[in-house]
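If you want the building blocks of each chain, they are given just below.
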Amino acid sequence: ACDHCLRALETAEENAQRLLGRSSQVLPHPEQCSIRKDLHHQCPQCQVTYCSAECRQSALEQYHQVLCLGPSREDPTHPLNKLQEAWRNMHYPPETSSIMLMARMVATVKQAKDKDWWIKVFSQFCSKTANEEEEIVHKLLGDKFKGQLELLRLLFTEALYDEHVSRWFTPEGFQSLFALVGTNGQGIGTSSLSQWVHACDALDLPMPQREQLDAFIDQLYKDIEKESGEFLNCEGSGLYVLQSCCNHSCIPNAETSFPDNNFLLHLTALEDIEAGEEICISYLDCCQRDRSRHSRHKILRENYLFTCSCPKCLAQADDADVTSDDEEEGEGETDDAELEDEMTDV
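These numbers were taken from a predicted model, which means no experiment stands behind them.

### Concerning the overall build of the protein
So, point 1. Helices and strands together make up the secondary structure of the protein, namely 14 helices and ten strands.
So, point 2. For the protein, the proportion of its 346 residues judged to be buried stands at 40%.
So, point 3. Expressed as a percentage of contacts within the protein between residues at least 6 apart in sequence, the contacts between residues at least 24 apart total 69%.
So, point 4. For the protein, the exposed surface amounts to about 18900 Å²; the carbon and sulfur share of it is 49%.

### Remarks on the pattern of salt bridges
So, point 1. Summed over the entire model, instances satisfying the criterion amount to ten salt bridges.
So, point 2. Of the charged contacts in the structure, one is a salt bridge between Arg88 and Glu85, with a shortest N-O distance of 3.1 Å. Remark: Glu85 and Arg88 occur in helix α3 (residues 79–88); sequence separation between them is three residues, near one turn of the helix.
So, point 3. Close ionic contact of Glu150 with Arg153 constitutes a salt bridge, the shortest N to O distance being 2.8 Å. Of this pair, Glu150 and Arg153 both sit in helix α6 (residues 146–160), three residues apart, which is roughly one turn of the helix.
So, point 4. You can call Glu150 partly exposed: its relative accessible area is 31%.

### A word on the packing of helix α8 (residues 192–201) against helix α9 (residues 207–228)
So, point 1. Between α8 and α9, whose axes approach to 11 Å, the crossing angle comes to 160 degrees. For the element pair α8 / α9, the angle class is roughly antiparallel. Considering the relative orientation of α8 and α9, their crossing is left-handed. For the pair formed by α8 and α9, the contact residues are Leu193, Ser194, Trp196, Val197, Cys200 and Asp201 on the first element and Arg210, Leu213, Asp214, Phe216, Ile217, Leu220, Tyr221 and Ile224 on the second.
So, point 2. Each residue belonging to the contact of α8 with α9 can be placed in one class, and the counts come to ten nonpolar, one polar and three charged.

### What about unusual backbone geometry?
Only a minority of non-glycine residues have a phi that is not negative, and only a minority of peptide bonds are not trans.
So, point 1. Of note, the phi angle at Gln47 is positive, near 70 degrees, even though the residue is not glycine.
So, point 2. Here Gln47 shows up in the loop between β1 (41–42) and β2 (49–50).
So, point 3. Non-glycine residue Asn261 carries a positive phi angle of around 60 degrees.
So, point 4. By relative accessible area, Asn261 is classed as buried at 3%.

### Focus: the confidence of the model for the protein
So, point 1. On average, the protein scores 86 in pLDDT, and the residues at 70 or more come to 86%.
So, point 2. Of all secondary-structure elements in the protein, the lowest mean pLDDT belongs to helix α14 (residues 335–344), at 36, while β2 reaches the highest, 98.
So, point 3. Contacts from residues 329–346, a stretch scored under 50 in pLDDT, to residues over four places away or in other chains number 34 contacts.

### Some thoughts on the environment of Lys312
So, point 1. When you line up the elements, Lys312 lands in helix α12 (residues 311–315).
So, point 2. Between the alpha carbons of Lys312 and Ile251 there is a distance of 6.6 Å; along the sequence they are 61 residues apart.
So, point 3. In contact with Lys312, other than residues within four places in its own chain, are Cys250, Ile251, Arg289 and Arg296.

### What about the side chain of Ser249?
So, point 1. Relative to the helices and strands, Ser249 is located in the loop between β7 (247–248) and β8 (254–257).
So, point 2. Ser249 sits in the buried class, given a relative accessible area of 5%.
So, point 3. A distance of 3.1 Å separates the side chain of Ser249 from the backbone nitrogen of Ile251, its partner in a polar contact.
So, point 4. With residues near it in sequence (within four places) discarded, Ser249 still touches Cys280, Ile281, Ser282, Cys310 and Pro311.

### Side note on the packing of aromatic side chains
So, point 1. Scanning the model with the defined rule gives eleven aromatic pairs in all.
So, point 2. Measuring from centroid to centroid gives 5.7 Å for Trp118 and Phe122, while their planes differ by 35 degrees, and the two rings are tilted. Highlighted residues: Trp118 and Phe122, both in helix α5 (residues 115–123), separated by four residues, approximately one helical turn.
So, point 3. Under the relative-accessibility criterion, Phe122 is labelled buried at 9%.
So, point 4. Measuring from ring centre to ring centre gives 5.4 Å for Phe156 and Phe174, while their planes differ by 50 degrees; the resulting arrangement is tilted. Here Phe174 lies in helix α7 (residues 171–184) and Phe156 lies in helix α6, a separation of 18 residues in the sequence.
So, point 5. A relative accessible area of 0% places Phe156 in the buried class.
So, point 6. In textbook terms, an aromatic cluster arises when at least three aromatic residues are bridged by ring pairs, as seen for Trp87, Phe156, Tyr161, Phe169, Phe174 and Phe178.

### Topic: α9
So, point 1. In this model, α9 (22 residues) spans 31 Å end to end at C-alpha, consistent with the 32 Å of a helix rising 1.5 Å per residue.
So, point 2. The complete set of buried residues in α9 reads Arg210, Leu213, Ile217, Leu220 and Ile224. Looking down the long axis of α9, one finds its buried residues gathered within 90 degrees of arc, a one-sided arrangement. The exposed set on the far side of α9, more than 90 degrees from its buried face, consists of Met207, Pro208, Glu211, Gln212, Lys222 and Lys226.

What counts, and at which threshold
Residues numbered from 1 in each chain as written. Predicted model: local features only at pLDDT ≥ 70, side-chain atom pairs only at ≥ 80, totals over all residues. Heavy atoms only, no water. Helix = DSSP H or I, 4+ residues; strand = E, 2+ residues; numbered from the N terminus. Buried < 20%, exposed > 50% of the residue type's maximum accessible area, 1.4 Å probe, protein only. Contact = heavy atoms within 4.5 Å. Areas by Shrake-Rupley, 256 points an atom, 1.4 Å probe, with all protein chains shown as cover. Salt bridge = Lys/Arg side-chain N within 4 Å of Asp/Glu carboxyl O. Axes fitted to C-alpha atoms, helices over the stretch in contact; angles between N-to-C directions. Parallel < 35°, antiparallel > 145°, perpendicular 65-115°, else oblique. Left-handed = near helix turned anticlockwise from the far one by under 90°. Nonpolar A, V, L, I, M, F, W, Y, C, P; charged D, E, K, R; others polar. pLDDT = per-residue confidence, 0-100. Polar contact = N/O pair within 3.5 Å; in protein donor to acceptor, adjacent residues only side chain to side chain. Phe/Tyr/Trp six-rings, centres within 6.5 Å; stacked < 30°, edge-to-face > 60°. Expected span 1.5 Å × (residues − 1). Arc of directions from axis to C-beta.

The structure is reproduced here in structure tokens:
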């Protein structure tokens, strides 16, 4: 994907071929794919690819001068490469991008002419490592992660130290930075294949052709799942000042999405919202929202440091503290497996 806006760089057909492991795969209606490879640009120093000249320029002006690896892109001893490799070894794929989101925050401050303005922007995000009132500590900051966090902090400091944000490099400041990204980071998923499917769904076709195309797409996804599993999107993480102001509800009245196949976040109402009424999104995915109140609260306490009191939770206040069946299936894992799960959740 584009290194700046996360727009998919592959055409839908190339995406399908890679996920299928089948270079001969051909997709019908190729005109429904919106990817413009002729507009792609690379950084001439490190060959990182962007979807457009505009994205390359935006990245260069905001943070890429600091993060550009130049000829050291494949050098495992480069401090940034060491940092990313250490992060990869702490959890299993699909990779989350938390550590490089933190790196971009530092790089943005380093490059900025008005450094105080950017520091003020980042200070608007909640970065509490604990909720003292409820005696909740963020799950990534518990005893079993201390060694890993210290290793990451040392590598982070070696790669990126800057005196303007020197507090981010102290043990306490690094934990706070980790909590900021872990609490506020919004997952972003893009896919040229899914965009092509949506475009095909909108085609006005005779019924026989419609049925044939739908059957083709259904089989395509079945074949892809068999070959590549369920992880199909380009995945990233972003910080959004306004979206992060939305509190959680297990029955949200709004949801976030990325319909433009890039990092532009849309916040859409799910029902009529009255003037003065709070806009709430869900910090849980659909499957997590279907879990028991006890299981939902466990996830929210560990990741977001609060106990939910939304209407759904209040209505279930008298329910027994029972763990959902799907969560019980994962119990009994080794400590290493649990550790990988925890780190992947960020």
